[in-house]
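Here are the chains, one letter per residue:
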Amino acid sequence: MKIQCECGNLIHDGTDGLGHKAHFIPDRRWNEMWDALDEAIERDGNAKKREASAMHMRMLIGDMARSAWQCTQCGMLYLENAEHKLRAFKPLGDEDVSGILSGGAKKRV
């Protein structure tokens, strides 16, 4: 996917682990996601049932999540709405909002 920013910059989304992209889950679906995750973790059964639970979680989160991208030039945010159409949001004034979607360093467990 490529997004043409209002400033003229082209935002690329052609790989994983991008510092200018994020996925978010709307608050109205947040508890539903946690409940399904708890159910998948606590589910008893063989490897086939556990794999089915994991696939269910992937599908559920994929259905709930929306994407967001940030222009690396001007900081404009592009977020998907419920219909997966892009909406643009400009930073206020000269505020530096670069890297707002980067997520920081990956933590090891």
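The structure reproduced in this document is the subject of the present report. Keep in mind that this is a model prediction, so the values were computed, not measured. (Residues numbered from 1 in each chain as written. Predicted model: local features only at pLDDT ≥ 70, side-chain atom pairs only at ≥ 80, totals over all residues. Heavy atoms only, no water.)

### Focus on the overall build of the protein chain
Right, so step 1: From N to C terminus, the protein chain includes two helices and six strands.
Right, so step 2: Sequence-ordered secondary structure for the protein chain, helices as α and strands as β, is β-β-β-α-α-β-β-β.
Right, so step 3: Taking 2.2 N^0.38 as the reference for a compact globule, 109 residues should give roughly 13 Å; the C-alpha atoms of the protein chain span a radius of gyration of 17 Å, well beyond that estimate.
Right, so step 4: By principal-axis analysis of the C-alpha atoms, the protein chain measures approximately 55 × 35 × 25 Å.
Right, so step 5: Across the 109 residues of the protein chain, 28% fall into the buried class.
Right, so step 6: A separation threshold of at least 6 residues defines the contact pool for the protein chain, and within that pool the share at least 24 residues apart is 54%. (Helix = DSSP H or I, 4+ residues; strand = E, 2+ residues; numbered from the N terminus. Rg over C-alpha atoms; globule rule 2.2 N^0.38 Å. Buried < 20%, exposed > 50% of the residue type's maximum accessible area, 1.4 Å probe, protein only. Contact = heavy atoms within 4.5 Å.)

### Some points on unusual backbone geometry
The general pattern is negative phi for most residues beyond glycine and trans for most peptide bonds.
Right, so step 1: The backbone of His 84 sits at a positive phi, close to 60°, despite the residue not being glycine.
Right, so step 2: By relative accessible area, His 84 is classed as partly exposed at 44%.

### What about the packing of aromatic side chains?
Right, so step 1: What the rule picks out here adds up to one aromatic pair.
Right, so step 2: Measuring from centroid to centroid gives 5.6 Å for Trp 30 and Trp 34, while their planes differ by 85°, and the two rings are edge-to-face. Here Trp 30 pairs with Trp 34, and both are found in helix α1 (residues 27-42), just four residues apart, close to one helical turn.
Right, so step 3: For Trp 30, a relative accessible area of 37% puts it in the partly exposed group. (Phe/Tyr/Trp six-rings, centres within 6.5 Å; stacked < 30°, edge-to-face > 60°.)

### Focus on the packing of α1 against helix α2 (residues 47-64)
Right, so step 1: Running from N to C, α1 and α2 point in directions that differ by 170°, and their axes come no closer than 10 Å. In terms of orientation, α1 lies roughly antiparallel with respect to α2. Residue-level contacts link Arg 29, Glu 32, Met 33, Ala 36, Leu 37 and Ala 40 of α1 to Ser 53, Met 57, Leu 60, Ile 61, Asp 63 and Met 64 of α2.
Right, so step 2: Tallied by class, residues from the contact of α1 with α2 come to eight nonpolar, one polar and three charged. (Axes fitted to C-alpha atoms, helices over the stretch in contact; angles between N-to-C directions. Parallel < 35°, antiparallel > 145°, perpendicular 65-115°, else oblique. Nonpolar A, V, L, I, M, F, W, Y, C, P; charged D, E, K, R; others polar.)

### A word on the side chain of Asn 9
Right, so step 1: Positionally, Asn 9 belongs in the loop between β1 (2-4) and β2 (10-12).
Right, so step 2: For Asn 9, a relative accessible area of 18% puts it in the buried group.
Right, so step 3: If sequence neighbours within four positions are ignored, Asn 9 has contacts with Ile 3, Gln 4, Cys 71, Thr 72 and Gln 73.

### A look at the sheet that holds strand β6 (residues 86-89)
Right, so step 1: Strand order in the open sheet made by the four strands is β3-β4-β5-β6, with antiparallel pairing throughout. Edge positions in the open sheet fall to β3 (21-24) and β6, since each of these has one partner strand only. Strand-to-strand twist across the sheet, computed as the mean angle between neighbouring axes with direction ignored, equals 25°.
Right, so step 2: When β3 meets strand β4 (residues 66-70), the two strands line up antiparallel, connected through four bridges. Bridge pairing in β4 links Lys 21 to Trp 69. (Pairing = 2+ DSSP bridges.)

### Focus: the pattern of salt bridges
Right, so step 1: Throughout the structure, instances matching the rule amount to four salt bridges.
Right, so step 2: Where Glu 32 meets Arg 29, a salt bridge forms, and the shortest distance between an N and an O atom there is 3.1 Å. In this pair, Glu 32 and Arg 29 are both assigned in helix α1, three residues apart and thus about one turn of the helix distant.
Right, so step 3: Since its relative accessible area comes to 36%, Glu 32 is described here as partly exposed.
Right, so step 4: The partly exposed category is assigned to Arg 29, whose relative accessible area is 24%.
Right, so step 5: Sharing partners across several salt bridges, the network here consists of Arg 29, Glu 32 and Asp 63. (Salt bridge = Lys/Arg side-chain N within 4 Å of Asp/Glu carboxyl O.)

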